[in-house]
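Here are the chains, one letter per residue:
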Amino acid sequence: DTGVSQDPRHKITKRGQNVTFRCDPISEHNRLYWYRQTLGQGPEFLTYFQNEAQLEKSRLLSDRFSAERPKGSFSTLEIQRTEQGDSAMYLCASSLVSGQKNEKLFFGSGTQLSVL
Amino acid sequence: DAKTTQPNSMESNEEEPVHLPCNHSTISGTDYIHWYRQLPSQGPEYVIHGLTSNVNNRMASLAIAEDRKSSTLILHRATLRDAAVYYCILRDAGTASKLTFGTGTRLQVTL
């Protein structure tokens, strides 16, 4: 399967711990997005990269959150000093943007974070 | 991004057509209408998109009103595997902006 891969699928942590999630996009996709989703809500945008450049960050992304895409391929999302309110599904998506702007986003199955 | 309005939930019988409505009265000229759906325990998946003309693909059809202030996603024969949350999203092609999801329509399909 060559879709978007996210690891781990589930993460349980205690309040105050740091967690890191990984996303492997579809090969050669130049855009990578991170979203967060809580129960009953649609995904909320967090940030996106074009190649290795982080082009936009949501106000939802507090200074405890940091995302990287060092070589323009895989990406990591780190949450420091986790809080119970960080409990959510973290979704990664990738796309190929070339001339036309209406690219399709391909999503992974997400990482479900539970903060106890 | 301009806002969309969708019913919270809809029900359909299997093998019958389903029409999922979306209102977007403040749509601008460069906004494309995108539909994604999210099956249980999965990330969203692309369904279809269009600008002015009706669009068809293997998954669904998209009917766009002449004034573009509303659109309808049509599943021609619903199956149990079509039970999902369907999101109607406006996206400005000029800025290639991020997708902004609402709460969508939860479609239940029954035998």
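Novice: Can you explain the side chain of B:Q38? Please cite residues and give values.
Specialist: With respect to the helices, strands and loops of the structure, B:Q38 is situated in strand β3 (residues 31–38). Of note is the side chain of B:Q38, whose polar atom sits 2.8 Å from the side chain of A:Q37. If we ignore the near neighbours within four places in the chain, the residues touching B:Q38 are A:Q37, A:P43, A:L91, B:G43, B:P44, B:A84, B:V85 and B:Y87.

Novice: I'd like to hear about the interface of chain B and chain A, residue by residue, with values.
Specialist: Across the contact, 19 residues belong to chain B and 20 residues belong to chain A. A combined buried area of about 1,700 Å² lies between chain B and chain A, and 51% of that area is made up of carbon and sulfur atoms. Taken together, chain B and chain A are joined by two salt bridges. Two residues, A:E103 and B:R91, come together in a salt bridge whose shortest N-O distance is 3.1 Å.

Novice: Quick one: what's the story with the layout of surface pockets, residue by residue and with numbers?
Specialist: When its volume is computed, the largest pocket comes out at roughly 470 Å³. Considering the residues around the largest pocket, the lining is formed by 22 residues, among which A:Q37, A:L39, A:G40, B:Q38 and B:R106 are closest to the centre. Of all the elements in the fold, those that place two or more residues in the lining of the largest pocket are β9 (88–95) of chain A together with β8 (84–92) and β9 (105–110) of chain B. When the residues that make up the lining of the largest pocket are grouped by side-chain class, the tally is eight nonpolar, 13 polar and one charged. One number sums up the size of the second largest pocket: a volume of about 310 Å³. Lining the second largest pocket we find 16 residues, and of these A:L105, A:F106, B:P44, B:E45 and B:Y46 sit closest to its centre. Going through the elements one at a time, β10 (106–107) of chain A together with β4 (45–50) of chain B are the ones with two or more residues in the lining of the second largest pocket. Tallied by class, residues from the lining of the second largest pocket come to eight nonpolar, five polar and three charged.

Conventions we followed
- Residues numbered from 1 in each chain as written.
- Chains lettered and ligands numbered in written order.
- Predicted model: local features only at pLDDT ≥ 70, side-chain atom pairs only at ≥ 80, totals over all residues.
- Heavy atoms only, no water.
- Helix = DSSP H or I, 4+ residues; strand = E, 2+ residues; numbered from the N terminus.
- Polar contact = N/O pair within 3.5 Å; in protein donor to acceptor, adjacent residues only side chain to side chain.
- Contact = heavy atoms within 4.5 Å.
- Buried area = accessible area lost by both parts, 1.4 Å probe.
- Salt bridge = Lys/Arg side-chain N within 4 Å of Asp/Glu carboxyl O.
- 1 Å grid on protein atoms, 1.4 Å probe; cavity = no way out; pocket = protein on both sides within 12 Å on 5 of 7 lines; lining within 4 Å.
- Points joined across faces, edges and corners; volume = space filled by probe spheres on them.
- Nonpolar A, V, L, I, M, F, W, Y, C, P; charged D, E, K, R; others polar.

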